[in-house]
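# Fold and geometry: a report
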Amino acid sequence: MTTIKIFDTTLRDGEQSPGCSMNLQEKIEVARQLEKLGVDMIEAGFAIVSPGDFQSVKTVAQTVKNASVVSLSRALKKDIDSSYEALKDAVSPIIHTFIATSPIHMEYKLKMKPEDVLNQAVDMVKYARSLCPNVEFSAEDASRSEPEFLYRVFEGVIKAGATCINVPDTVGYSMPDEFGALIKNIKENVRGIEKVDLSVHCHNDLGLAVANTLAAVRAGATQAECTINGIGERAGNAALEEITMAIATRQDFLGFVTNINTKQIYNSSRLISAITGVPVQPNKAVVGANAFAHEAGIHQHGIMANKKTYEIMTPESIGLPQNVIVLGKHSGKHAFEQRLKELGYVIDEQRLSESFDRFKELADRKKDVSDLDLRALVEMEQIEIPEDIELDSFVINSGNKMTSTAVIKMVYDGNRVEEAATGDGPVDAAFNAIERCIGESFVLEDYIVRSVTGGKDAQGEVVVKLSKGGKKVKGRGLSTDIVEASVKAYIDAINRYYYQKKMEG
Ligand code: KIV
Ligand code: ZN
């Protein structure tokens, strides 16, 4: 059976989408998770874009051992040099270079004649190959390009040494039959195509990214580019979890396999959502909260009689075991570690101890600790960064006929500080007091609160998004008390702001 290679671009195309930016620490965490998931390639970024992007590609390249690491570059020498410099320590580096080939992009964006585009593509692939044994070439907006011109470009870059040809549906314009036909025609009309990988990269503007990807694979594409949760430019990219579960579930029809360890899909999806602060819609295929929920009585009846009546794949196959309550305040570290392992988390000793301390605090406040609580705890640990500010304590007074007041005590830069402030409600008062403690203010762009599980004693998870001077950061806080979760989230976001400033020098 043919193995379809999975090229993950969560850290590049995904990270490019509004509200999905990640800091270095977070990118490394995502790369590690992608390795566990078993993707074949990790596109770690676009090295030339900024010193921060360069550093992220470099660090991911040095960290990842079991997947190829890719850096995007325009078809320009300086971009290719920067990608190579960032990638050169990788076990398996790939320079990915692109140029647009559609009439509209060539005329209005590049302001170049088709012949010049062709020559530049060929020259830059040759140059990239002189540095790196693996070079992917993408014809941006391929699906809206003149097919004959596209074939010439592909033929030229294959002769120049490209090892993979990528066909992006950059603006998500194609229909599945049409995109499948394009792939078939490329296979039939481009000399040398059988020597290289044929990749597709579909955007989701019409909700067809996964359908187009599967149509392309059926027509002969050997590689699928995708992102976790389908994040990406505008309406996003094809979702990795949907492509790979379609291939796994409908092997009878499609006849392909991937190297993905599907049991790591759920954890990967949660990690991306925790890091970006972008929730997964409940009815999202494969990883949404309702993907395995059966509400209608007739469905529940069927499921009880035989799961296969309404379940085409099992929750276990994506790493989502039944949400059971197994732990409480008397549970020891061993049971805690064991349950984390069963949920697919293998963490080092230090993180385990820190997560266990948090678990004990939680178990003191909440009788039963469920899997969802555990996942939320571990995710907090996974995305921790160095803390310049630490919360000591707070007192808040609030009511419907009074002005809310907050007193916050914290350690800031090694010094104890304490400030009081009023506000429009307890959360606003607390945020004002935090800002007085540090002598800086931020714009609150977004504030999201949700409960981790059901029940009155559920943990609340708060995500705040702050901005200041063009920088945007997000923070996350978890507590059975939503005011405390809000305070923690605000402080987390400020710590991330300081961290980002330090990383950018
Ligand atoms: O959507 C697109 O065309 C891209 C290319 C750079 C591969 O992201
Ligand atoms: Zn794209």
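The structure under discussion appears in the preceding block.
Basis of the calculations
Residues numbered from 1 in each chain as written. Chains lettered and ligands numbered in written order. Predicted model: local features only at pLDDT ≥ 70, side-chain atom pairs only at ≥ 80, totals over all residues. Heavy atoms only, no water. Helix = DSSP H or I, 4+ residues; strand = E, 2+ residues; numbered from the N terminus. Buried < 20%, exposed > 50% of the residue type's maximum accessible area, 1.4 Å probe, protein only. Contact = heavy atoms within 4.5 Å. Expected span 1.5 Å × (residues − 1). Core = buried A, V, L, I, M, F, W, Y, C linked by side-chain atoms within 4.5 Å. Pairing = 2+ DSSP bridges. Axes fitted to C-alpha atoms, helices over the stretch in contact; angles between N-to-C directions.

### A short note on the environment of glycine 220
Inspection of the secondary structure assignment puts glycine 220 in the loop between helix H9 (209–218) and strand S9 (223–226). Given a relative accessible area of 19%, glycine 220 falls into the buried group. Sequence-distant contacts of glycine 220, defined by excluding residues within four places in its chain, comprise Ile183, Lys187 and Leu198.

### Comments concerning helix H7 (residues 147–159)
The end-to-end C-alpha separation of H7 is 18 Å, in line with the 18 Å expected for 13 residues at 1.5 Å each. Where H7 is concerned, the buried positions are Phe149, Leu150, Tyr151, Val153, Phe154, Glu155, Gly156, Val157 and Ile158. For H7, the elements touching its buried residues are helix H5 (103–110), helix H6 (114–131), strand S6 (135–140), strand S7 (164–169) and helix H8 (176–189). Downstream of H7 by one or two residues, glycine 161 has phi in the positive range, about 115°.

### Describing the nonpolar core
Counting 91 residues, the largest nonpolar core has Phe137, Phe154, Ile165, Val167 and Ile186 as the members making the most contacts within it. If we ignore the near neighbours within four places in the chain, the residues touching isoleucine 165 are Phe137, Phe154, Val157, Ile158, Ile193, Val196, Asp197, Leu198 and Ser199. In this structure, Tyr412, Ala421, Ile438 and Ala485 belong to the second largest nonpolar core, which totals 27 residues.

### Quick look at the sheet that holds strand S18 (residues 471–479)
The 3 strands lie next to each other as S16-S17-S18, forming an open sheet whose pairing is antiparallel. Looking at strand neighbours, the two that pair on one side only are strand S16 (443–451) and S18, the edges of this open sheet. Ignoring which end each strand starts from, the neighbouring axes of this sheet average 15° apart. Bridge analysis of strand S17 (residues 460–468) against S18 gives 9 bridges, and the strand direction is antiparallel. Its bridge partner lying in S18, glycine 460 is registered against serine 479.

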